[in-house]
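Tertiary structure, described
Each chain, written out:
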Amino acid sequence: MTGSPPGIEILDTRSVPPAERRDYWSAGIAERFFPMYVQSVGAPSFDARMASGQAGPVGIRSIQGLAHRVARTDRMIAAADPESILMYLMTKGEVHIEQDDRSCALRPGEIGCHDTSRPSIFEGRASFEVLVFSIPKWFIGGQAIPIARHSATKVDAGRGRLAGSATPFLAQLARTAMSGGGLSIADGEGAAQMLLPLLRSMYGGQESASPRSRAEALLVRMQRYAMDHLHEPELGPERIAQAHYVSTRYVHKIFTDAGKSVSAWIRERRFEGAVDELRQHPELTIATVAARWGYRNPASFSRAFREVHGCPPSAARDMPGMAG
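Here's what I pulled together on the structure shown here. Along each chain, the written sequence defines residue order, and numbers are assigned to residues from 1. Only residues with pLDDT of at least 70 get local features here, since the model is predicted, and only at 80 or more are side-chain atom pairs given and counted; chain-wide, interface and lining totals rely on the full set of residues. Excluding hydrogens and water, the side-chain values take into account all heavy atoms of the structure.

Regarding the environment of His 252
Tracing the chain through its elements places His 252 in helix α9 (residues 248–257). Note on exposure labels: buried denotes an accessible area under 20% of the residue type's maximum, exposed denotes more than 50%, and partly exposed covers the range between, all computed with a 1.4 Å probe on protein chains only. By relative accessible area, His 252 is classed as partly exposed at 34%. Taking the C-alpha atoms as reference, His 252 lies 6.2 Å from Val 262; in sequence the two are 10 residues apart. The contact criterion used is simple: two residues touch if any of their non-hydrogen atoms lie within 4.5 Å. Non-local contacts of His 252, meaning those with residues more than four positions away in its chain, are made with Pro 237 and Val 262. For the purposes of this entry, the term helix denotes a DSSP run of H or I that reaches at least four residues, the term strand denotes a run of E that reaches at least two, and both are numbered from the N terminus.

Structural data, given as C-alpha cells:
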C-alpha cells in the first residue's frame, strides 16, 4: 500500500503563557495518548515538548522537558485505554517508572515499558529526553502478555541475539518517522513488523500472532466499536481510527482487505438496524427511526430503502418476514 504519511505533530508548552503550560500539556497528552495526571517536580516552571510520528499502527513520540511526574490511575484507565504497550528508549537524562510492584530507573540507551491497562507512574527527576513507542496489544499478539509482566523493569541488552540491536534501530526509526517526510504507508507498516522480533528477543514468551490474525482481531474490535456507535451521525473512518489509536488510512486498509469499504459497511449496518426497528416498533415515526440510526434526515433513509426494496419505508410494516 502506498500513500502519504500522517502529518508530524508538535506539542510545545512554550506556545502558551507559563501559568497555562501544565494544563495545556495535560490536555495535549490526553488527546495524543490518554488521560494522565501531570505534576511538576522541583522545577520552578513547567516546560515540555513532544514531536509525533507514525509507523503503521505504532505511534512514535519524542518527549523532552524539565522534571515532571505523570500518573495514570484506575479511573483514568476506565475512561480511556488504548490497550497498548508503551516502550521507552531514553536518550538523555533519567526517568523513574513504576507499575504494579515493580520499578526501575532508565538512563540513556536503556529500554523499559508500561502496560496502558494498569496504573503507572512516569517521573523525570531532571531535564530528560525519551522516545516513546505506543504499540497496540492486538498488533503484538500473544507476546503482549509476557511483555506486560515485565513492565517497569529494565531490558537486559545482553538478552537475546537481537536485543543488542534494539537501541540503534529504534532511534533511527524515530528519526525517520518524525522527519519532515516521515515514513510512507508501506515503509511504516514494514518498520512496525520489524519491531516484533525485537520484542520477542527482549522479552521472550510465546510467538506473536501472524499479521493476518492481528488484522482480523483489529477488524473485529473496530466493527464492534462501530456497532456501538451506529446511532452517531459523525461515525466514520476518522472516529474509528481515533478510538483505536491508528491512522485513518490503516482503518481503510483493514476494512478494504476484508472485502468492503468502511463507509459501505457502516451504511449497511445502519440500514439493517433501522429497518429492523421500523418493523418491530410501529409506534415510532420513520423520522425518529432514521435519526436513531445515524441518518441526518429521513430523506436519505427513504432513498436507501427504496433502492433496496423498491418501496417507501412505510411499507416495511406491511411486509412480514422482510429481511433488513
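Let us keep going from here.
A word on the pattern of salt bridges
Within this document, salt bridges are pairs made up of a side-chain nitrogen of Lys or Arg and a carboxyl oxygen of Asp or Glu, the two lying within 4 Å of each other. On inspection of all chains with the given rule, the structure shows 18 salt bridges. Residues Asp 47 and Arg 49 are paired through a salt bridge, measuring 3.0 Å at the closest nitrogen-oxygen approach. The partner of Arg 269 in a salt bridge is Glu 272, and the shortest N-O contact between them spans 2.9 Å. With Arg 269 and Glu 272 both in helix α10 (residues 262–280), this residue pair falls 3 residues apart, about one helical turn.

Quick look at the side chain of Arg 61
Looking at the element boundaries, Arg 61 is found in strand β4 (residues 58–65). The class for Arg 61 is buried, based on a relative accessible area of 11%. Every residue in contact with Arg 61, bar those within four places of it in the chain, is listed here: Arg 32, Phe 33, Met 50, Ala 51, Ser 52, Val 130, Leu 131, Val 132, Ser 134 and Met 178.

Let's talk about helix α12 (residues 298–309)
A rise of 1.5 Å per residue sets the reference length of α12, with its 12 residues, at 16 Å; its end C-alpha atoms lie 16 Å apart and thus fit the reference within 8%. What α12 keeps buried is the set Phe 301, Ala 304 and Phe 305. Within α12, the buried residues cover an arc of 100° as seen down the axis, which keeps them to one side. Facing away from the buried side of α12, by more than 90 degrees, are the exposed residues Arg 303 and Glu 307. Looking at the buried side of α12, the elements it contacts are α10 and α11 (286–292). Any helix carries an expected span of 1.5 Å times its number of residues minus one. Each direction from the helix axis to a C-beta atom contributes to the arc, which is the arc of those directions.

Brief notes about unusual backbone geometry
Phi is positive for Glu 83, close to 50°, though the residue is something other than glycine. When you line up the elements, Glu 83 lands in the loop between α2 (74–79) and β6 (84–92).

Quick word on the packing of aromatic side chains
To describe a pair of aromatic rings, you give the distance between the ring centres and the angle between the ring planes. Stacked, edge-to-face and tilted are the three classes for Phe, Tyr and Trp ring pairs, Trp counted by its six-membered ring, which pair at centre distances within 6.5 Å; planes under 30 degrees apart are stacked, over 60 edge-to-face, the rest tilted. Tallied over the entire structure, the rule returns 10 aromatic pairs. Plain terms: the ring middles of Tyr 88 and Phe 122 are 5.2 Å apart, the flat faces sit at 50° to each other, and that makes the pair tilted. With Tyr 88 in strand β6 and Phe 122 in strand β10 (residues 120–124), this pair connects stretches of sequence that are 34 residues apart. Between Phe 255 and Trp 265, the aromatic rings sit 5.9 Å apart at their centres with planes inclined by 65°, giving edge-to-face as the arrangement. Placement of Phe 255 in helix α9 and of Trp 265 in helix α10 is noted, with a sequence separation of 10 residues between them. The two residues Phe 255 and Trp 265 agree in class, both being buried. A network of ring pairs unites the aromatic residues Phe 271, Tyr 295, Phe 301 and Phe 305 as a single cluster.

Remarks on α9
Since there are 3.6 residues in each turn of an α-helix, residues three or four apart along the chain are aligned in direction. Inspection of α9 places Tyr 250, Val 251, Ile 254 and Phe 255 among the buried residues, and these make up the whole buried set. For α9, the angular spread of the buried residues around the axis is 130°, confining them to a single face. The first or second residue beyond α9 is Gly 259, which carries a positive phi of 110°.

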